[in-house]
Amino acid sequence: MPRLMDIGLEKLRNMVLDMADLSQNTVSTSIDAFVQGRDLRDRIYSWSEELRMLQDEVSELAVELIARYQPVASDLRFIKSCMEVAYGFSRFGRYAHDISDVVGIFGDLSNCDRQTIQEAGSQAKDMIRVSIKAFTERDVELAGRLKKMDDVVDNIYLDFVKKSALEREGNLKCIVSGTLILRYLERIADHATYVGETVPYIVSGERAARK
Amino acid sequence: MSNYSMRRFKDRLALWIGALCAVLAMIPLISILYEVVKNGASTINVDFLTAAPGVIGQAGGGIGPAIQGTLILVGLTIIIGVPLGVLSGIYLSEFGDNPVGRVIRFLNDVLAEFPSVVIGVVIFTLIVLTFRSFSVIAGALALSIIMLPIITRSTEESLKLVPNSIRDASMALGIRRWRTTLSVVLTTARSGVVTGILLAIARVAGESAPLVFTILGSQYFFSGLSSPMDALPLRIYRLALLPYPYAQAQGWGAALVLILMVLVVNIGVRWATRGRLYSRRSRP
Amino acid sequence: MTLVQTEKKQSLSSEGVVQPLKTLENSKVRTEDLNAWYGNNQVLKKLNIEAREHSVTAIIGPSGCGKSTFIRCLNRMHELVPKAKTSGRVILDGSDIYAKGVDPVTIRRRVGMVFQKPNPFPTMSVYDNVAAGLKLNGERNHAVLDRAVQRSLESAFLWDEVKGDLDKSGASLSGGQQQRLCIARALAVEPEVILMDEPCSALDPIATAKIEELIASIKENYTVVIVTHNMQQAARVSDFTAFLYLGQLIEYGETTSLFENPAEELTERYLTGKFG
């Protein structure tokens, strides 16, 4: 027999999944836009704004459910995780916004090396996809893979920074824009791991150690 | 007639029938009181209440010994019957949920239905004949036997009305079983128990048949526990049978006195118990 | 079903038998393999539960799971019911209260109880009610009684409301006040453990809140075991929680972790309202 709270939980879940789809789209679009040299700032800005508003709604609904139904155990863990995950998705939107800003500020970057960024970008896109799938299906095993994937992105970023530090002469625009974008991608990857960490927490209350 | 007004009508009808029956039930009581007061009030004076009966056939004299006798008799009966009855009632209520208790309860109920004249005859045979005299003791014994089952039953019922949560609360404080029963359960039920005792006294004060066989009646004041004595019911009986008008008048007077005594006891104890419902702190 | 073992939790081992807690220091009262029957009907099955000193332990579970029977075994009130039986041990401060030769009355003076429906003695005043436990056990000294009455009423957060008229009948108070009166009465005999059998279920939310505050304040000086069918109350008030189902202990642990992350599937289902 469905409980009174289940209606609210269902609504919360749907809102979070909507955010998941939207944020995934937003990040993909911003990365692709950079790689292809297109300026899609308006679109990205409005999606990012929408993600911010959705995050507020998720937060409100979660608090309402807590106040009304005093949930415990797995319900409580689910609601708490939804708040965290929604925050993560809104950060995806923010970083996508920032990435598209780079294109706007630096203008033409067609002669920069976009290989590295493309690599990191596709890894980040993958991580978003994996984290959403793990959350939706409560797949602990799948979520466990995100740690390694995050290391890849971290290494790409660090290598680029180290290489740039040792450069005597190089295109300043390329270096700065590359660093910024890789930095945003690294943050996106981090948040994707945080989303993944909520899965074992919902399922069995295990909390991962923060690094 | 519509359904609703039919029901209202029936409702009103039931109310009126009930009220009518109540009034009808009051009529005998009111008429008796009226008759007694009308016929007996004029004979009441200090002399009447304190003097011994005079010579038969001559006006004068009083019902002094009868009043004294009733008071002594009822007093003795209370001393014998009340403790026994209350303790039996306590036993049956608190510890009587077993075969022995059930037998005692049954016997008690049987005793309550015994005709009082039979009890009088039994005591006559057992005590009066054995000791070869009519006596106050015999009368008190007979009346106690009549009183006992009434008090036992009413005490048991009153105690059973005390909810178990009270006993639980007391036991949970670490108060012993007997203390719980006496100081907590009995005090909670005390108005019911006292009412039962009152009813028994009223009933017993008016019994006349057993008195005939046990105290016989006499012209004199109390003269020892093992001698005959007078009592109001007997005196009323004797006076009513005499063909003299003075005797009739005295009989009415005696009846009035008896009724007044019962009323006073009733009202007096009720007043005393009501004061206790809002108890005082037991501090000087 | 994944079982999460933490050292603070007690859970079903692979044989389905509940293992006793490893940390037994400052345990005030604990049961060892406690069984209880009403006639032939067994209502408690091999319970091993502990209540730690100066803490509040809540016993939760659906109706009929044996919660009330359990606490009545802790002060030997269970045996007052005809045909009731127990087996196993209940250890209070290191000694078994069911041992041969132990007088149940002395146990009840150390382990007090408050009932579901407030039950002040109806013909006694507020003062007499609170003093009853002492007076009826022989205390005559009026100064001692006065002090005890005031102290208990203050601990029960009732002193200010009744100090003006201690002579008024116990039954003339409101429901919430009556229950606090019963708590004061239990506290007056200075027990070590206070058992509470759903003390708030007959009260309105404000009276309930007052009593919950009371519980939080007395736990510094007493050990409290509270039975409640209200899970939120258990979550608010207790430090440890035991979940009983059909007379068996399903799970026992610290309240915050039990409510956030129960180890047992059954506990999870009960807490989230999927049954009971």
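The rules we used
- Residues numbered from 1 in each chain as written.
- Chains lettered and ligands numbered in written order.
- Predicted model: local features only at pLDDT ≥ 70, side-chain atom pairs only at ≥ 80, totals over all residues.
- Helix = DSSP H or I, 4+ residues; strand = E, 2+ residues; numbered from the N terminus.
- Contact = placed C-beta atoms within 7 Å.
- Rg over C-alpha atoms; globule rule 2.2 N^0.38 Å.
- Buried ≥ 20, exposed ≤ 12 C-beta atoms within 10 Å, placed from the backbone.
- Axes fitted to C-alpha atoms, helices over the stretch in contact; angles between N-to-C directions.
- Parallel < 35°, antiparallel > 145°, perpendicular 65-115°, else oblique.
- Left-handed = near helix turned anticlockwise from the far one by under 90°.
- Nonpolar A, V, L, I, M, F, W, Y, C, P; charged D, E, K, R; others polar.
- Expected span 1.5 Å × (residues − 1).
- Pairing = 2+ DSSP bridges.
- Right-handed = clockwise from strand over helix to strand, strands pointing away.
- pLDDT = per-residue confidence, 0-100.

1. Side note on the overall build of chain A
Secondary structure summary: chain A contains seven helices and zero strands in total. Traced from its N-terminal end to its C-terminal end, chain A shows the element sequence α-α-α-α-α-α-α. Overall size of chain A, expressed as C-alpha extent along the three principal axes, is 65 × 35 × 20 Å. For chain A, long-range pairs separated by at least 24 residues make up 84% of all intrachain contacts whose partners lie at least 6 apart in sequence.

2. Considerations on the overall build of chain C
Tallying secondary structure elements over chain C gives 10 helices and 11 strands in all. For 276 residues, the compact-globule estimate of 2.2 N^0.38 gives 19 Å, and the C-alpha radius of gyration of chain C, at 19 Å, lies within 12% of that figure. Once the C-alpha set of chain C is aligned to its principal axes, its extents read approximately 60 × 45 × 35 Å. Looking at chain C as a whole, 48% of its 276 residues qualify as buried.

3. Thoughts on the packing of helix α3 (residues 64-95) of chain B against helix α9 (residues 190-205) of chain B
Residue and element names in this part refer to chain B. Orientation of α3 relative to α9, taken along the N-to-C sense of each, is 140°, at an axis distance of 11 Å. Here α9 runs oblique to α3, going by the angle between their axes. In the crossing of α3 with α9, the sense of the turn from one axis to the other is right-handed. Within the contact between the two elements, α3 uses T70, V74, T77, I78, V82 and V86 and α9 uses V193, I197, I201, V204 and A205. The class makeup of the residues in the contact of α3 with α9 is nine nonpolar, two polar and no charged.

4. Details of helix α4 (residues 99-113) of chain B
Compared with an ideal rise of 1.5 Å per residue, which puts 15 residues at 21 Å, α4(B) spans 22 Å between its outermost C-alpha atoms and is within 8% of the ideal. Burial runs low along α4(B): only zero of the 15 residues are buried.

5. Brief notes about the sheet that holds strand β9 (residues 223-227) of chain C
Residue and element names in this part refer to chain C. Spatial ordering of the open sheet is given by β7-β8-β9-β4-β10-β11, a layout of six strands whose pairing is mixed. Each edge of the sheet is formed by a strand with only one pairing partner; in this case those strands are β7 (111-114) and β11 (248-254). Recorded for the sheet is a direction-independent mean angle of 20° between the axes of neighbouring strands. Summarising the sheet, strand β4 (residues 56-60) and β9 pair through four bridges and their orientation is parallel. Looking at β9, one finds that A58 is bridged to I226.

6. Re unusual backbone geometry
All names here are of chain C. In the Ramachandran plot, H54 falls in the positive-phi region, its phi being about 55° despite a non-glycine side chain. Relative to the helices and strands, H54 is located in the loop between β3 (50-52) and β4. On the basis of neighbour count, H54 is assigned to the partly exposed category, with 14 C-beta atoms found within 10 Å. For F157, which is not a glycine, the phi torsion comes out positive at approximately 55°. Inspection of the secondary structure assignment puts F157 in the loop between α4 (142-155) and α5 (159-162). Taking the C-beta count within 10 Å as the criterion, F157 has 18 such neighbours and is therefore assigned partly exposed.

7. Description of the interface of chain A and chain C
Facing the 10 residues of chain A at the interface are 13 residues of chain C. At five residues, helix α3 (residues 73-106) of chain A tops the list of elements feeding residues into the side of chain A that touches chain C. Looking at side-chain class alone, the side of chain A that touches chain C contains three nonpolar, four polar and three charged residues.

8. Section: the environment of R114(A)
Topologically, R114(A) is positioned in the loop between α3 and α4 (115-137). Put simply, R114(A) and V35(A) are 79 residues apart on the chain and 6.7 Å apart in space, counted from C-alpha to C-alpha.

9. Here's the deal with the interface of chain C and chain B
Listed as interface residues are 28 residues of chain C and, on the opposing side, 22 residues of chain B. Contributions of two or more residues to the side of chain C that touches chain B are made by α2 (104-110), β7 and α3 (126-135) of chain C. For the side of chain C that touches chain B, the element with the most residues is α3(C), which contributes four residues. For the side of chain C that touches chain B, the class distribution of residues is 13 nonpolar, nine polar and six charged.

10. Considerations on the environment of I105(A)
All names here are of chain A. Take I105: it is sitting in helix α3. When the 10 C-beta atoms within 10 Å are taken as the criterion, I105 is described as exposed. Between the C-alpha atom of I105 and that of S177, which follows or precedes it by 72 residues, the distance is 9.1 Å.

11. Observations regarding helix α2 (residues 41-69) of chain A
All names here are of chain A. With 29 residues, α2 should reach 42 Å at 1.5 Å per residue; the first-to-last C-alpha distance of 42 Å fits that figure. Residues of α2 that are buried in the fold lie against α1 (4-36) and α3. Phi turns positive one or two residues past the end of α2, at Q70, with a value near 45°.

12. Some thoughts on the pairing of strand β8 (residues 193-197) of chain C
Residues and elements named next belong to chain C. Summarising burial for β8: five of the five residues are buried, a large majority. Burial of β8 is two-sided: the residues V193, L195 and D197 facing one way and the residues I194 and M196 facing the other way are all buried. Summarising the sheet, β7 and β8 pair through four bridges and their orientation is parallel. If you follow V111 over to β8, its bridge partner there is V193. As paired strands, β8 and β9 are joined by five bridges and run parallel to one another. The residue of β9 that forms the bridge with M196 is I226. Crossover connection from β8 via helix α7 (residues 205-218) to parallel β9: handedness right-handed.

13. Section: the packing of α2(A) against α3(A)
All names here are of chain A. Where α2 meets α3, the axes come as close as 9 Å, and the angle between the chain directions of the two elements is 165°. On the basis of their axis angle, the class for α2 and α3 is roughly antiparallel. Note that α2 runs across α3; the crossing there is left-handed. For the contact of α2 with α3, the class distribution of residues is 15 nonpolar, eight polar and three charged.

14. Things to note about the confidence of the model for chain C
Keep in mind that low pLDDT regions are not for reading the predicted coordinates in detail. All names here are of chain C. For chain C, per-residue confidence averages 89 on the pLDDT scale, and residues scoring 70 or more make up 91% of the total. Note that pLDDT drops below 50 for residues 1-23; the model gives that stretch 32 contacts with residues more than four away or on any other chain. Scored as a whole, the predicted complex attains pTM 0.82, and scored at its interfaces, ipTM 0.86.

15. Structural notes on the pairing of strand β2 (residues 41-47) of chain C
Residues and elements named next belong to chain C. The pairing of strand β1 (residues 27-38) with β2 spans four bridges and is antiparallel. Opposite W37, over in β2, you have Q42 as the bridge partner. The hairpin formed by β1 and β2 contains two residues between the paired strands, and G39 there has a positive phi angle of roughly 65°.

16. Observations regarding the environment of I32(B)
The residue I32(B) is located in helix α1 (residues 3-40) in this model. Linking I32(B) and L211(B), residues 179 residues apart in sequence, is a C-alpha distance of 23 Å.

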